[in-house]
Amino acid sequence: MYSKDEASQLKQAFWTTFGQYISPQLSAEGLKVNWVNYKTGIKYLYFRMEAGKRSAAIAIEIAHPDPGMQELFFEQFLELKNMLHSALNEDWEWQLHEMTEDGKIISRIVRKLHNVSIFNKNDWPALISFFKPRIIALDEFWSDAKYAFDALK
């Protein structure tokens, strides 16, 4: 078991390692990107990568405080589902209005990897292999799809 400080340091070390590994990768538009803290350019819309004790996930997260607006964003993603699936080349889980651990309502489109731990350095290659192609695919999708969300800004 790790202390809170040790756990924080291990997480930071993983994300630093991942960031260094993926940093040479340019965006679909040929630009440098902070992949770990990807900016969609739309308030309340995030591409999130999370890793914990037992699993990892990558998600498109809609965190607008108004559930009606969340639903509009979600419906827009549904309109683009074929385009998203084509970029990702796999099925993701679609969750409308889910409660987070801290009591917020969010909507997400998510892909999970089970039986991995950010605290086990032997799992880091699997985590990197999970995150890298998916964040790049999300960027490729977003380079075309972002214009469909202009009216929701």
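In this report, we go over the structure that sits alongside the text. (Residues numbered from 1 in each chain as written. Predicted model: local features only at pLDDT ≥ 70, side-chain atom pairs only at ≥ 80, totals over all residues. Heavy atoms only, no water.)

### A look at the sheet that holds strand 1 (residues 45-51)
Taking strand neighbours across the sheet as the criterion, the four strands line up as 1-2-4-3 in an open arrangement whose pairing is antiparallel. On the outer flanks of this sheet lie strand 1 and strand 3 (93-99), each paired with one strand and no other. The sheet shows a mean angle of 30 degrees between the axes of neighbouring strands, direction not considered. Bridging between strand 3 and strand 4 (residues 105-114) involves five bridges; their strand directions are antiparallel. The residue of strand 4 that forms the bridge with Met99 is Ile105. Of the strands in this sheet, strand 1, strand 2 (55-62) and strand 4 touch helix 4 (residues 124-145), which is tilted by about 15 degrees from strand 2. (Pairing = 2+ DSSP bridges. Helix = DSSP H or I, 4+ residues; strand = E, 2+ residues; numbered from the N terminus. Axes fitted to C-alpha atoms, helices over the stretch in contact; angles between N-to-C directions. Contact = heavy atoms within 4.5 Å.)

### Structural notes on the nonpolar core
Grouped together as the largest cluster of nonpolar side chains are 42 residues, with contacts concentrated most on Phe131, Ile135 and Trp142. Elements with a contribution of two residues or more to this core: helix 1 (4-22), strand 1, strand 2, helix 2 (67-79), helix 3 (81-88) and helix 4. Apart from residues no more than four positions distant in its own chain, Phe131 is found in contact with Phe14, Trp15, Phe18, Met49, Glu50, Ala51, Ala56, Ala57 and Ile58. (Core = buried A, V, L, I, M, F, W, Y, C linked by side-chain atoms within 4.5 Å. Buried < 20%, exposed > 50% of the residue type's maximum accessible area, 1.4 Å probe, protein only.)

### Some words on the pattern of salt bridges
One pass over the full model with this rule turns up five salt bridges. A salt bridge links Arg48 to Glu61; its shortest N-O distance comes to 3.3 Å. One end of the pair, Arg48, is in strand 1; the other, Glu61, is in strand 2, with 13 residues separating them in the sequence. By relative accessible area, which is 31% here, Arg48 ends up partly exposed. Between Glu50 and Arg108 there is a salt bridge whose closest N-O contact spans 3.7 Å. Of this pair, Glu50 sits in strand 1 while Arg108 is found in strand 4, placing the two residues 58 residues apart along the sequence. Residue classification places Glu50 among the partly exposed residues on the basis of a relative accessible area of 36%. Under the relative-accessibility criterion, Arg108 is labelled buried at 11%. Counted as one network, the salt bridges with shared partners bring together Glu90, Arg111 and Arg134. (Salt bridge = Lys/Arg side-chain N within 4 Å of Asp/Glu carboxyl O.)

### Here's the deal with the packing of helix 1 against helix 4
Orientation of helix 1 relative to helix 4, taken along the N-to-C sense of each, is 50 degrees, at an axis distance of 11 Å. Put simply, helix 1 runs oblique to helix 4. By crossing handedness, the relation of helix 1 to helix 4 is classed as right-handed. In this structure, helix 1 contributes Leu10, Ala13, Phe14, Trp15, Thr17, Phe18, Tyr21 and Ile22 to the contact, and helix 4 contributes Trp124, Leu127, Ile128, Phe131, Lys132, Ile135 and Ile136. (Parallel < 35°, antiparallel > 145°, perpendicular 65-115°, else oblique. Left-handed = near helix turned anticlockwise from the far one by under 90°.)

### Some remarks on the pairing of strand 1
Going residue by residue along strand 1, you find Leu45, Phe47, Met49 and Ala51 tucked away on one face and Tyr46, Arg48 and Glu50 left uncovered on the opposite face. With seven bridges connecting them, strand 1 and strand 2 associate as antiparallel partners. Among the inter-strand pairings, Arg48 is bridged to a residue of strand 2, identified as Ala59. Connecting strand 1 to the antiparallel partner strand 2 that follows it, the hairpin turn spans three residues.

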